[in-house]
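Results of the structural survey
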Amino acid sequence: MVYGFGLMMMLSIFWGGGYLMRSVSEEKESRVIEIIMSSVRPMGLLFGKILAMGLLSIIQVGMLIGAFIFILSQASSVFEDLGTIEISVTQIILLTIYFLLGFLLFGSLMAAISAVAASMREAQNFIAVVTLPAMIPFFFLTMFIEEPDGTLAVVLSMIPFTAPLAMIMRVSISDVPALQVLISLILLVGGVVGAIWLAGRLFRVRALLS
């Protein structure tokens, strides 16, 4: 579940974030954005773009997951051990929530990068700055398995950049206290709001400067 969630989130970030960055860069370079912003607020425009590109990437990821499940169902004799894996409803709900919040956070940060970058090529150089922090929990996978309630695991599950993957890693291994999950979600929502606000401000300032 951890590897599947990590792969799913990374694909959605790369696809949706790439579409988002390309859309913003093209509108900036063609000066269409100046016309659009005469009637739409920057934050509303960016949030609409994030939702639209996020939905598109989720559809793509969903098609991949569907194809993967179909292949496994046809090869059940080869992957008999997969039939013993049990995923609870709570885990599915948390996975969905953290996936959506994680995409909103990193999608907003990619929008902020594209808002200040001069071109699409320049913006692509900074993608790793956004995506690498999301993968930090993978580097401590062994520690998560041995001590899912250790200090490092708890701290990484609270930081908005690492919380989506870190909390799913903890939930899939042990019973995480509800208070920790609630605090993690509150901090992650705060990070999403802050990232969208920052992207909107940078977008507006950049457009005014141009």
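Computed from a prediction, not measured in an experiment: that's the story for all the values here.

Details of the overall build of the protein
Counting secondary structure elements, the protein contains eleven helices and zero strands. With 210 residues in all, the protein has 44% of them scored as buried. When the accessible area of the protein is evaluated, it comes to approximately 11500 Å², of which 70% is carbon and sulfur surface.

A look at a nonpolar patch on the surface
Among the surface-exposed residues, Leu179, Leu182, Ile183, Ile186 and Leu187 lie close enough to one another that they form a single nonpolar patch of about 470 Å² accessible area. Here Leu187 lies in helix H11 (residues 178-209).

Re the nonpolar core
Of all hydrophobic cores here, the largest spans 56 residues; its most connected members are Phe5, Met9, Tyr98 and Phe203. Those elements giving two or more residues to this core turn out to be helix H1 (2-29), helix H3 (42-74), helix H4 (89-116), helix H6 (127-134), helix H8 (141-146), helix H9 (151-156), helix H10 (163-173) and H11. Sorting elements by how many residues they give to this core places H4 first, with 15 residues. If sequence neighbours within four positions are ignored, Tyr98 has contacts with Phe5, Ala163, Pro164, Met167, Ile168, Val181, Ser184, Leu185 and Leu188.

Looking at the side chain of Arg170
With respect to the helices and strands, Arg170 occurs in helix H10. Residue Arg170 is classed as buried on the basis of its relative accessible area of 0%. Within polar-contact distance, the side chain of Arg170 engages the backbone oxygen of Pro148 at 2.7 Å. Once you skip the residues sitting within four places of it in the chain, Arg170 turns out to touch Phe144, Pro148, Asp149, Ala153, Val154, Ser157, Val176, Pro177 and Gln180.

Remarks on H6
Regarding H6, the residues found buried are Ile127, Val130, Thr131 and Ala134. Around the axis of H6, the buried residues are gathered within 85 degrees of arc, so they sit on the same side. Exposed side of H6, more than 90 degrees from the buried face: Val129 and Leu132 are the residues found there.

Rules and cut-offs
- Residue indices follow the written sequence of each chain, beginning from 1 at its first position.
- Where local features are concerned, this predicted model is filtered to residues with pLDDT of at least 70; where side-chain atom pairs are given and counted, the filter is 80 or more; whole-chain, interface and lining totals use all residues.
- As a rule here, side-chain values come from all non-hydrogen atoms in the structure, and water together with hydrogens is ignored.
- Helix and strand assignments come from DSSP, with helices taken as H or I runs of at least 4 residues and strands as E runs of at least 2, each series counted from the N terminus.
- Burial classes follow relative accessibility: with a 1.4 Å probe on protein chains only, a residue under 20% of its type's maximum area counts as buried, one over 50% as exposed, and anything between as partly exposed.
- Note on areas: Shrake-Rupley with a 1.4 Å probe; residue coverage comes only from the protein chains shown.
- Patches here: salt-bridge-free residues with over 30% relative accessible area, like charges joined within 9 Å, nonpolar side chains (Val, Leu, Ile, Met, Phe, Trp, Tyr) joined within 5 Å.
- In what follows, salt bridge is the name for a side-chain nitrogen of Lys or Arg lying within 4 Å of a carboxyl oxygen of Asp or Glu.
- We define a nonpolar core as any set of buried Ala, Val, Leu, Ile, Met, Phe, Trp, Tyr and Cys residues linked to one another through side-chain atoms lying within 4.5 Å.
- What makes two residues a contact is simply this: any of their non-hydrogen atoms within 4.5 Å.
- Contacts described as polar in this section are N or O atom pairs within 3.5 Å, which, within protein, must combine one atom able to donate a hydrogen with one able to accept it, while residues neighboring in sequence count only if both atoms come from side chains.
- Comment: arc refers to directions from the helix axis out to C-beta atoms.

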